[in-house]
Amino acid sequence: MRLILLGPPGAGKGTQAQRLVEKHGIVQLSTGDMLRAAVKAGTSVGLRAKDIMDRGELVPDDIVVAIVSDRIAQPDARKGFILDGFPRTVPQAVALGRMLKEKGLKLDGVIELKVDPGILLKRIENRIAEAKARGETLRSDDDPEKLKRRVEIYHDQTAPLVDYYRLEGALKTVDGMASIPEVAGAIDRALGGSSKSSPKAAARKSAEKKAVPKKPAAKKAVSRAAAKGARKSLAKRGSKMARAGKAAGRAGKAGSAARR
Ligand code: ADP
């Protein structure tokens, strides 16, 4: 199983990734963790990334693309992986698509954890306060100002990936505002596996289904036409994004070649 988890800082990607790792026996590939390890080890990538990460900005695409490309080629990723924090830009998504194709691999899905932007900062501030109370060392970018910047960057550079993957037909959106087990169940259902959802939730779902009246045929035709129009305009945007991405993809290739 090969998955991408998409969502802003504080959406719960790490928590859900860990559970998916256990459930499916796959590895979690967090570019944030890999970069932090590089910073700690003082490698050349770490030296380049440190200040950028401390500001809450994005590390250049060529660096992260090279890291991921090396990492997914390792034996423990053969059974599958879950990408957490990558791709974060359209060029990274294009580069990922290319590297998977070259390796003859396919994505099983892109899970978007949708959260209300208004509560994001509050959530992360709570997380920081809890970590402090437990006496844990905080990440150098875990402070309110840098967090704001990380959320802004998510909206500017990463949120367009929602449309990108929707267009590819890979997107599965899950409500990230629900409790951890509820989000986990929704992810399982989105992936088509056993959801192990509580009987209560199943009953609620079937009641909701019954309560929603079927659309009359005429309305269906109208919404089909509207969907077609929307797909067309997204396709236009998508190909524009892909063109922009190609250039960065080339840069990515050059980056990883330079490292060899
Ligand atoms: P968050 O909890 O904000 O989602 P991460 O642990 O995923 O944070 O990432 C921390 C930092 O590492 C980011 O703010 C960014 O500087 C850098 N980083 C991680 N992944 C990427 C990526 N795919 N592209 C560029 N920069 C990245």
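Coordinates for the structure precede this section.
In this text the structure is predicted, and so the values were computed from the model without any measurement.

Caption draft 1: Summary view of the packing of aromatic side chains. According to the stated counting rule, one finds one aromatic pair in the structure shown. Relative to Y165, the ring of Y164 lies with its centre 5.0 Å away and its plane at 85 degrees, an arrangement referred to as edge-to-face. For the pair shown, Y164 and Y165 are each scored as buried.

Caption draft 2: Here's a closer look at the environment of K172. Relative to the helices and strands, K172 is located in strand β5 (residues 171-175). Exposure remark for K172: the relative accessible area of 22% places this residue in the partly exposed category. Remark: the alpha-carbon pair of K172 and I111, spanning 61 residues in sequence, is separated by 4.8 Å. Discounting chain neighbours no more than four positions away, the residues touching K172 are D108, G109, V110, I111, E112, A190 and L191.

Caption draft 3: Representation of the packing of helix α7 (residues 144-158) against helix α8 (residues 160-168) within the structure. Between α7 and α8, whose axes approach to 5 Å, the crossing angle comes to 35 degrees. Each of H155, D156, Q157 and T158 in α7 lies in contact with α8, whose residues at this interface are P160, L161 and V162. Class assignment of the residues belonging to the contact of α7 with α8 gives a composition of three nonpolar, three polar and one charged.

Caption draft 4: Focus on the site of the ligand. Taken together, the neighbourhood of the ligand is formed by 18 residues, with T31, E57, G85, Q92 and R150 sitting nearest. Between E57 and the ligand, the recorded distance is 2.5 Å, taken from a backbone N or O atom to an oxygen atom. At a separation of 3.0 Å, a nitrogen atom of the ligand approaches a polar side-chain atom of R88. In the complex, the protein chains occlude 95% of the 550 Å² of accessible area that the ligand would expose alone.

Caption draft 5: Just the side chain of D54, in detail. By secondary structure assignment, the location of D54 is in helix α3 (residues 44-55). The class for D54 is buried, based on a relative accessible area of 17%. Engagement of the side chain of D54 in a polar contact is seen with the side chain of K50, the distance being 2.9 Å. If sequence neighbours within four positions are ignored, D54 has contacts with S140, D141 and K146.

Caption draft 6: Here's a closer look at the sheet that holds strand β1 (residues 2-6). Strand order across the open sheet formed by five strands is β2-β3-β1-β4-β5, with parallel pairing between neighbours. Every interior strand has two partners, whereas the edge strands, β2 (27-30) and β5, have only one. Each strand axis lies, on average, 25 degrees off the axis of its neighbour in the sheet, ignoring direction. Judged from the four bridges that link them, β1 and strand β4 (residues 109-114) form a sheet pairing that is parallel. For L6, the partnering residue across the bridge sits in β4 and is E112. Sheet contacts for helix α2 (residues 31-41): β2 and β3 (81-84); angle to β2, the most-contacted strand, approximately 65 degrees.

Definitions and cut-offs
- Residues numbered from 1 in each chain as written.
- Predicted model: local features only at pLDDT ≥ 70, side-chain atom pairs only at ≥ 80, totals over all residues.
- Heavy atoms only, no water.
- Phe/Tyr/Trp six-rings, centres within 6.5 Å; stacked < 30°, edge-to-face > 60°.
- Buried < 20%, exposed > 50% of the residue type's maximum accessible area, 1.4 Å probe, protein only.
- Helix = DSSP H or I, 4+ residues; strand = E, 2+ residues; numbered from the N terminus.
- Contact = heavy atoms within 4.5 Å.
- Axes fitted to C-alpha atoms, helices over the stretch in contact; angles between N-to-C directions.
- Nonpolar A, V, L, I, M, F, W, Y, C, P; charged D, E, K, R; others polar.
- Near = heavy atom within 4 Å.
- Polar contact = N/O pair within 3.5 Å; in protein donor to acceptor, adjacent residues only side chain to side chain.
- Areas by Shrake-Rupley, 256 points an atom, 1.4 Å probe, with all protein chains shown as cover.
- Pairing = 2+ DSSP bridges.

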